[in-house]
2 protein chains.
Amino acid sequence: MIKHIGIIGAGVAGLHFGLLLRQHGVAATIITDRNPDEIAGMRLLNTVAHHYITLDRERSLGVYHWPVEEYGYSHHHHVFNLPQPLKFSGAFTAMSRGVDYRIYLPRLMDDFTARGGKIEYRAIGADDLAKLAARFDLIVVGTGRGPFGQMFEPVEEHSPFTRPQRALCVGLYTGVRATDPPGVTISVSPGQGELIDIPMLSFTGKVHALLMENVPGGELEELARLRYDDDPKKFRATLLAKLEKHHPAVYARIDGARFDLQRPQDLLQGGVVPTVRRTSVELGDGKLAIAVGDVHSVLDPVMGQGANIASYSAFVLGEEIVKAHVFDRLFCERVDRRREERVLGAQRWTNMMISPPSEDLLGLIGAMSQNQALADEFTENFNYPERQWARLASPPRIRHWIAEATARRGAAQLATA
Amino acid sequence: MIKHIGIIGAGVAGLHFGLLLRQHGVAATIITDRNPDEIAGMRLLNTVAHHYITLDRERSLGVYHWPVEEYGYSHHHHVFNLPQPLKFSGAFTAMSRGVDYRIYLPRLMDDFTARGGKIEYRAIGADDLAKLAARFDLIVVGTGRGPFGQMFEPVEEHSPFTRPQRALCVGLYTGVRATDPPGVTISVSPGQGELIDIPMLSFTGKVHALLMENVPGGELEELARLRYDDDPKKFRATLLAKLEKHHPAVYARIDGARFDLQRPQDLLQGGVVPTVRRTSVELGDGKLAIAVGDVHSVLDPVMGQGANIASYSAFVLGEEIVKAHVFDRLFCERVDRRREERVLGAQRWTNMMISPPSEDLLGLIGAMSQNQALADEFTENFNYPERQWARLASPPRIRHWIAEATARRGAAQLATA
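Residues numbered from 1 in each chain as written. Chains lettered and ligands numbered in written order. Predicted model: local features only at pLDDT ≥ 70, side-chain atom pairs only at ≥ 80, totals over all residues. Heavy atoms only, no water.

## A look at the interface of chain B and chain A
Now for step 1: Contacts between the two partners involve 20 residues from chain B, matched on the other side by 20 residues from chain A.
Now for step 2: Buried surface at the junction of chain B and chain A, both sides included, amounts to about 1600 Å², of which 50% is carbon and sulfur.
Now for step 3: For chain B, the biggest contributors to the area lost against chain A are L330, R337 and R397 of chain B; these three give 35% of the whole.
Now for step 4: Summed over the shared surface of chain B and chain A, the result is eight salt bridges.
Now for step 5: Between D328 of chain A and R397 of chain B there is a salt bridge, with the nearest N and O atoms lying 2.6 Å from each other.
Now for step 6: Applying the counting criterion to the chain B and chain A interface returns 10 residue pairs in polar contact (both at pLDDT 80 or more).
Now for step 7: At the level of elements, α11 (329-353), α14 (385-392) and α15 (395-416) of chain B are the ones that each hand at least two residues to the side of chain B that touches chain A.
Now for step 8: Take the side of chain B that touches chain A: its biggest share by element is nine residues, from α11 of chain B.
Now for step 9: Grouping the amino acids of the side of chain B that touches chain A by side-chain chemistry returns eight nonpolar, three polar and nine charged. (Contact = heavy atoms within 4.5 Å. Buried area = accessible area lost by both parts, 1.4 Å probe. Salt bridge = Lys/Arg side-chain N within 4 Å of Asp/Glu carboxyl O. Polar contact = N/O pair within 3.5 Å; in protein donor to acceptor, adjacent residues only side chain to side chain. Helix = DSSP H or I, 4+ residues; strand = E, 2+ residues; numbered from the N terminus. Nonpolar A, V, L, I, M, F, W, Y, C, P; charged D, E, K, R; others polar.)

Here you go:
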């Protein structure tokens, strides 16, 4: 069977997916309305780090262009802004890495076409659906924009929120000193929100993404509306004052004289309603469209899971397509079953982290600050959100995790005593 | 963690499950209202064959008491009662075996208690629920009778029927000659129903289960209501006349003089509404009940999947229990995800076989009569209903299967030419 797969959207899901298909000799055509130059010139798209599990996929695709030794980081540094600040760090077993997607995506689009993938640059209207369905054996939808993205219904059971739980203000900044060892800082201002500080490669070199996740109604919320372009000085002063009060550990690494957005367009403000959607729709004539990435599951960015899950989900789909001869409902069901545990794990864990913490979760945070193995496993599990969720899904699970780690440490101490 | 699992019901699911737990040192208590002697003395329970995949589980549990060399069979013989009869046979790669459950279950109950399992013989009332939940870490429900069985809601999406699709009349008979090679005969009287003839070990030795699956409103339906005890002679005469007309290939192996029920109680009549149910319910205090076997998925017996699926599903649950430390919603979800493909595959395939056949299915039957590899794979897949369903789920899948098998045979002929 000669397969020809149509891909709507050239995000990380569409590109990793398309590259995987090409690696297996499957014909793949991406349709997108933005060419590489346009993407490079856009406002900040997001601030994404790829964990090693995603970097391994890049290696297998031959698109691992930015080595971790140069651009990566090895740790998560946790800070809780309490009267008695709580700090601990967890280590990954292999490094993660952040690259500005306005650099990343155009480069992978080149890789894709160099390997025989086709990209058609054009907008899709509602009247294109039937024509596209006729051209391809399967349509893979990797963008929520346009008529395909609208076709996938939310799954209520897995979509507990109707509005954003955080007011986001994320920018790429100069004048932030790196941590030692290099890492992401996850700073929590209890009741007010989180700041995720990610070392990242962008157009001017190494900068820092400051992803401010502000609780609606709290002291930090206004950052999601404060306009930089109207008054850059006021923006900086307001931001610095709030960082000093709510995220002092990050503030301490800022050089006020050099601190600024990398460029005025490197700021993104808004919010996300975490949503899981049905993943397949029938287009008529036996043809189906199947969702990957944000169209399938859009997450709050606080735990950095969205892009990693999109890449994972695209790989599962690609592997199944390579094996399959028929693209029907059962095919889609099989793909969903294979990717569901990780996709839902990421969504549920992330939703837990933007909800008021339970006593057990607070107990875990305390335990991680006293037990390196716990902190390391929590960090490592950013690669495996289904494992993280298996640790966190219910109070007995959290208590079991703490008890197990405590017993292990006790045994280790006895063994070396 | 010391785990103690409560099991409601001593069918094949409950027993295979309990034996697996004991093998791993997990405490297991079965609660049932029927002791081994009572089971041995009951009316016919069902007519079940274990495929080799289930026999492998028996071997791993050390309860493989009835060797296939003595009691097993190797083939499925298909006969279609058409003006020009269509006949073909498929071979298993390893033998199947049928043993009367009134012999099988009591023997495994002995095995279970010999290995430290406990059996409590008593009926359960609605007011026992809370007390039982408090005694065990998890309640596994393997019988639809009693208050636990009523708690699991049907899943509409997977339960397309509201009434039985076949009027069943199944008995254990003497006077039926075995096929050569030994096998199950699947005789189809188009529009009227199926007869499944299974060689089986029962109390008097080797007998034949004749499972008549009669289309409601058809010429065979009355067999599901015809009373043996009122007039055995009339019952026999009516049955023989209908076999002669509708299932002549089986009729030809009957010795009229010796043909009779093994014993008057060896007859079962009625019908099944194929139903898939939700698999877990909360009992309060964080305790859960989870379903296995018929409570989870009850199938029409035509494809002989019910008991094999029950054993499979019990093993998946048992393996997960051995690994788990916490029995919560996520635990049940994980179990369900692991067993879903096979459980749904068996249900959907079986439902297809008791629905009017599509043109493509008729085409497949024709192709199997001409292509041994196709017939063998169809037979082998009785062990792997998820593979069978992956072959049958949509018209393009059936056509692909036929085309693939035809091409393979063509290539083989060329190679030997």
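## Re the side chain of N371 of chain B
Residues and elements named next belong to chain B.
Now for step 1: Inspection of the secondary structure assignment puts N371 in the loop between α12 (359-370) and α13 (372-380).
Now for step 2: Classification of N371 by relative accessible area gives buried; the value is 4%.
Now for step 3: Within polar-contact distance, the side chain of N371 engages the backbone nitrogen of A373 at 3.0 Å.
Now for step 4: For N371, the residues in contact, after removing those within four places along its chain, are A405, T406 and R409. (Buried < 20%, exposed > 50% of the residue type's maximum accessible area, 1.4 Å probe, protein only.)

## Thoughts on the pattern of salt bridges
Now for step 1: One pass over the structure, following the stated rule, counts 62 salt bridges over all chains.
Now for step 2: Taking the shortest distance from any N to any O, the salt bridge between R102 of chain B and D266 of chain B comes out at 2.7 Å. Here the residue R102 of chain B occupies a position in helix α5 (residues 101-114), and D266 of chain B occupies one in the loop between β12 (260-261) and β13 (267-270), the gap between them amounting to 164 residues.
Now for step 3: Residue class for R102 of chain B comes out buried when judged on its relative accessible area of 1%.
Now for step 4: Its salt-bridge partner being E219 of chain B, residue K245 of chain B comes within 2.7 Å of it at the nearest N-O pair. Taken as a pair, K245 of chain B in helix α8 (residues 232-246) and E219 of chain B in the loop between β11 (205-214) and α8 lie far apart in primary sequence, 26 residues in all.
Now for step 5: What you see here is one network of salt bridges that share partners, running through E319, E320, K323, R334 and R338 of chain A together with E341 of chain B.

## So, the sheet that holds strand β16 (residues 287-291) of chain B
Residue and element names in this part refer to chain B.
Now for step 1: Strand order in this open sheet of six strands is β6-β2-β1-β7-β16-β15, and the pairing throughout is mixed. Edge positions in the sheet fall to β6 (118-121) and β15 (280-284), since each of these pairs with one other strand and no more. Across the sheet, the mean angle separating the axes of adjacent strands is 25° when strand polarity is ignored.
Now for step 2: Sheet topology note: the strand β7 (residues 138-141)/β16 ladder contains three bridges and is parallel. Bridging from a neighbouring strand, V140 pairs with I290 of β16. (Pairing = 2+ DSSP bridges. Axes fitted to C-alpha atoms, helices over the stretch in contact; angles between N-to-C directions.)

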